[in-house]
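Notes for the structure review
Chain residues, written in single-letter form:
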Amino acid sequence: CSLLLRRARLTLIFLSSRLLSHLRAAGVKPGNNSSEPSRILIFVLDKKEASRVEQTLNQKGFRVAAIHGDLSQSARITALEDFKSGKAELLVATD
């Protein structure tokens, strides 16, 4: 069981560092408050991963919202509006 947990943490760390390097390459920085915010859509495989990626990016200082099956319709609409308005520069969604 602990080996499985360690493997999951390593996978998440690897995914996070790869994602962060892609975001840096795209010019997206944590706390970016420019008048023309970047908008990037990130697709993940399932709702657990969507929550993990959203949480990780929030901890790194990015303005991020997520849309997945565990959210109410009003929460999904709010997340989408935040993304469209630029309040959230990243939107994590299940494919």
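In this report, we go over the structure that sits alongside the text. For clarity, every value in this text was computed on a predicted model and none was experimentally measured.

1. What about the overall build of the chain?
Within the chain, the secondary structure is distributed over three helices and three strands. Going residue by residue from the N terminus, the α and β elements of the chain occur as α-β-α-β-α-β. Across the 95 residues of the chain, 31% fall into the buried class. Considering only contacts in the chain between residues 6 or more positions apart, those separated by 24 or more positions represent 70%. When the accessible area of the chain is evaluated, it comes to approximately 6400 Å², of which 57% is carbon and sulfur surface.

2. Observations concerning helix 3 (residues 73-85)
Spanning 13 residues, helix 3 covers 18 Å between terminal C-alpha atoms, matching the ideal 18 Å at 1.5 Å per step. Looking at the residues trailing helix 3, positive phi occurs at G86, about 95 degrees.

3. Some points on the sheet that holds strand 1 (residues 40-44)
A sheet is described by the order of its strands in space; here three strands give the open sequence 1-3-2, paired in parallel fashion. Unpaired on one side and paired on the other, strand 1 and strand 2 (64-67) mark the two borders of the sheet. Strand-to-strand twist of the sheet, defined as the mean angle between neighbouring strand axes without regard to direction, takes the value 20 degrees. Pairing geometry for strand 2 and strand 3 (residues 90-94), over four bridges, is parallel. What sits directly across from V64, in strand 3, is L90. The strands touched by helix 2 (residues 47-59) within the sheet are strand 1, strand 2 and strand 3, with strand 3 carrying the most contacts at an inclination of about 165 degrees.

4. Things to note about the nonpolar core
Core analysis: the largest hydrophobic core is formed by 14 residues, its most contacted members being L23, I42, L57, F62, L90 and V92. Going through the elements one at a time, helix 1 (2-25), strand 1, helix 2, strand 2 and strand 3 are the ones with two or more residues in this core. Here V92 is in contact with I42, V44, A50, V53, E54, L57, V64, A65, A66 and I67, once residues within four sequence places are set aside.

5. Some points on the pattern of salt bridges
Summed over all chains, the structure comprises four salt bridges. A salt bridge links E49 to R52; the shortest N-O distance between them is 3.4 Å. Placement of the pair is E49 and R52 together in helix 2, with a separation of three residues, close to one helical turn. The class for E49 is buried, based on a relative accessible area of 17%. One salt bridge in this structure joins K84 and E81, with 3.6 Å as the shortest N-O distance. Of the two residues, K84 and E81 both sit in helix 3, three residues apart, roughly one turn of that helix. Overall, the relative accessible area of 42% leaves E81 in the partly exposed class.

The rules behind the values
- Residues numbered from 1 in each chain as written.
- Predicted model: local features only at pLDDT ≥ 70, side-chain atom pairs only at ≥ 80, totals over all residues.
- Heavy atoms only, no water.
- Helix = DSSP H or I, 4+ residues; strand = E, 2+ residues; numbered from the N terminus.
- Buried < 20%, exposed > 50% of the residue type's maximum accessible area, 1.4 Å probe, protein only.
- Contact = heavy atoms within 4.5 Å.
- Areas by Shrake-Rupley, 256 points an atom, 1.4 Å probe, with all protein chains shown as cover.
- Expected span 1.5 Å × (residues − 1).
- Pairing = 2+ DSSP bridges.
- Axes fitted to C-alpha atoms, helices over the stretch in contact; angles between N-to-C directions.
- Core = buried A, V, L, I, M, F, W, Y, C linked by side-chain atoms within 4.5 Å.
- Salt bridge = Lys/Arg side-chain N within 4 Å of Asp/Glu carboxyl O.

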